[in-house]
Amino acid sequence: MLWNTSELLKQFDWMTLWSPWFGLLMVGLYVLYAVVTEKMAKRGYESTTLLQKFSMLSAILLYYIGFGSPVDVLAHIIFSVHMLQMVLVYVLAPALVVYGMPYWVFEKLFSYKVIGSTLKFMTKPLIALVLFNALFTFYHMPFIFDYVLTNYGVHRIFHGALVVFSLTMWYPVIAPFLSEEEEGMSDLKRMVYIIANGVLLTPACAFIIFSQGILYDAYTDAETFATVLGYCMPNGDVSGLDLNALMGATNSALEDQRFGGVLMKLGQEVVYGFFFGWTFFGWVRRTKSLALDEGMSFTPQEPKEKK
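Conventions adopted
- Residues numbered from 1 in each chain as written.
- Predicted model: local features only at pLDDT ≥ 70, side-chain atom pairs only at ≥ 80, totals over all residues.
- Heavy atoms only, no water.
- Helix = DSSP H or I, 4+ residues; strand = E, 2+ residues; numbered from the N terminus.
- Buried < 20%, exposed > 50% of the residue type's maximum accessible area, 1.4 Å probe, protein only.
- Contact = heavy atoms within 4.5 Å.
- Salt bridge = Lys/Arg side-chain N within 4 Å of Asp/Glu carboxyl O.
- Axes fitted to C-alpha atoms, helices over the stretch in contact; angles between N-to-C directions.
- Parallel < 35°, antiparallel > 145°, perpendicular 65-115°, else oblique.
- Left-handed = near helix turned anticlockwise from the far one by under 90°.

A. Up close: the overall build of the chain. Along the backbone of the chain there are 15 helices and zero strands. In terms of overall dimensions, the chain has a C-alpha envelope of 90 × 55 × 35 Å along the principal axes. Out of the 307 residues belonging to the chain, those deemed buried represent 46%. Taking the intrachain contacts of the chain between residues at least 6 apart in sequence as the baseline, contacts between residues at least 24 apart amount to 77%.

B. Examining the environment of Gly260 more closely. Turning to its location among the elements, Gly260 is positioned in helix H15 (residues 253-293). For Gly260, the contacting residues outside a window of four places in its chain are Phe79, Ser80 and Met83.

C. Representation of the pattern of salt bridges. Scanning the model with the defined rule gives four salt bridges in all. One salt bridge in this structure joins Glu255 and Arg258, with 3.0 Å as the shortest N-O distance. With a gap of three residues between them, Glu255 and Arg258 both fall in helix H15, about one helical turn apart. A relative accessible area of 37% means that Glu255 is categorised as partly exposed. Between Lys265 and Glu269 there is a salt bridge, with the nearest N and O atoms lying 2.8 Å from each other. Of this pair, Lys265 and Glu269 are both found in helix H15, four residues apart, which corresponds to roughly one turn of the helix. Linked by salt bridges that have partners in common, Asp187, Arg190 and Arg286 make up one network.

D. Summary view of the packing of helix H6 (residues 79-100) against helix H11 (residues 152-178). Packing of H6 against H11 leaves a shortest axis separation of 7 Å and a crossing angle of 40°. The orientation of H6 with respect to H11, classified from their angle, is oblique. Crossing of H6 over H11 shows right-handed handedness. Residues Met86, Tyr90, Val91, Pro94, Ala95, Val97, Val98 and Tyr99 of H6 touch H11, and the partners they reach there are His159, Leu162, Val163, Ser166, Leu167, Trp170, Tyr171, Ile174 and Leu178.

Written out as structure tokens, the structure reads:
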């Protein structure tokens, strides 16, 4: 599907490809996370587990890969890479962020009057479900997509909203794993919630996969393509780039578009499938434990012989 990617990237300088300032910001955020959680643990708050630390570190790395590495540049050139970027930063990374947070962080956020009431509303399962999936679907409607990508301020607002909504979307699923005090959905409802997330993204993915024509000018129209790519360049100057070579990065723009839709659908199904399985097996384990406490036996019994 892709060809000469390494040759294409040689047109960009190191600063553009690897965004060192963004990388330093990500390192700073993780250091802040580690210092604050450790300090609060010494004050008697719940400490983070090794798995939570690894989860947060993985999320930080995914955000950097998605927004600070050559993936971000390629996402402006190749649609399928854009969809890979969506999976990394809006499906997988936010789940890892929510899991990596100790539960007292959410308790403190909810305790503030304005912020708390807003977050409580946004993390209600139905609201969280609709907010993320609706914005993601609208974002990939062709006329909205092209408008957002060619207007820098709107682009930043959309991505910022997607980051927030992706975090609130995952909260109802993951918060019960962090604290038994969380009065959230039952295991069965959480499994239905995860399935619903997959279903709601299907129309957008199907629209892209089964389209009979090119949907997005951002990848095929020379003027629009130059405007979009300018946001990756210092001062928006694309005069030193071979735009024709960059626009020809794939053998077929239509096939790349379809591949992007498939990649998005498969990526989200893998992530959702993992958390569905985690929830399901946790439910089975707790149900079995409760049954054993009530005196039920899961060991096959020998049939009694009739006298």
